[in-house]
Amino acid sequence: GEPAAQPVPIDAFVANIAGATNEIEEKFFDPEVRIDGDIATVWTRYDFLVDKQSDHCGYDSFHLARMEDGWKITQVSDTQRRGAGCALDAIDLPPPTAADSAAIVTALQAVFDGMAARDSAQLANAFHPAVTFSPVLEGEPRFGDAGFFINMVKAAPYPIHERMDGPELRIH
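Residues numbered from 1 in each chain as written. Predicted model: local features only at pLDDT ≥ 70, side-chain atom pairs only at ≥ 80, totals over all residues. Heavy atoms only, no water.

What about unusual backbone geometry?
Then step 1. Here D30, not a glycine, exhibits a phi torsion of approximately 50 degrees, which is positive.
Then step 2. By secondary structure assignment, the location of D30 is in strand β1 (residues 24-36).
Then step 3. Owing to a relative accessible area of 62%, D30 belongs among the exposed residues under this scheme. (Helix = DSSP H or I, 4+ residues; strand = E, 2+ residues; numbered from the N terminus. Buried < 20%, exposed > 50% of the residue type's maximum accessible area, 1.4 Å probe, protein only.)

Remarks on the confidence of the model for the protein chain
Then step 1. Per-residue confidence for the protein chain gives a mean pLDDT of 82; residues scoring 70 or more make up 87%.
Then step 2. Least confident of the elements in the protein chain is strand β5 (residues 136-137), whose mean pLDDT is 75; most confident is helix α3 (residues 120-126), at 91. (pLDDT = per-residue confidence, 0-100.)

Re the packing of aromatic side chains
Then step 1. The full count for this structure, using the stated rule, is 5 aromatic pairs.
Then step 2. Geometrically, the ring pair formed by F28 and F62 is edge-to-face, given 6.1 Å between the ring centres and 70 degrees between the ring planes. Highlighted residues: F28 in strand β1 and F62 in strand β3 (residues 53-67), separated in sequence by 34 residues.
Then step 3. Taking 4.5 Å as the distance between ring centres and 10 degrees as the angle between the ring planes, the aromatic pair formed by F133 and F149 counts as stacked. With F133 in the loop between α3 and β5 and F149 in helix α4 (residues 146-155), the pair connects residues that are 16 residues apart, well separated along the chain. Take F133 and F149: they sit in the same class, and that class is buried. (Phe/Tyr/Trp six-rings, centres within 6.5 Å; stacked < 30°, edge-to-face > 60°.)

Focus: the sheet that holds β3
Then step 1. Pairing in this open sheet of 4 strands is antiparallel, and the strands run β1-β2-β3-β4 from one edge to the other. Unpaired on one side and paired on the other, β1 and β4 (70-78) mark the two borders of the sheet. The mean inter-strand angle of the sheet, taken between neighbouring strand axes irrespective of direction, is 25 degrees.
Then step 2. Where β3 lies against β4, 8 bridges are found, and the strand directions are antiparallel. Within β4, the residue paired with L64 across the bridge is I73. (Pairing = 2+ DSSP bridges. Axes fitted to C-alpha atoms, helices over the stretch in contact; angles between N-to-C directions.)

Put into structure tokens, the structure is as follows:
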């Protein structure tokens, strides 16, 4: 089918889980954790069970920021497969195609180019409407939307020249 990103407000997510009348369990497999200072990412395969039966599975991506009271999740994305696609060996997909890799690099490069040009429209066009940012600046996590990020870029007192050097792309 058509790709669809459907942002879910955190209060709706919490209400859905808290209001569940069935037994729910999410199992994680082979989590990959990366940390740099006060930010971290976790990429993990999962199986979501309802009453001990697989309901859906896929990959979860968590972004976290270290706060005074510990690590807090700032963003979550997941894929959701159903049915036979949830066999544990069925969700190990082949490497990304050259076309997927090129499209992903192009999307990132659009952000870098918009930053270098300090082009608000180009930057806004590069992001999903529900994007959030949680940079850690001078040890302080900050949170905002695309406008927050664009204003940071425009206010930077130095030239911005972001680039990728040999990106490693893995699509699961």
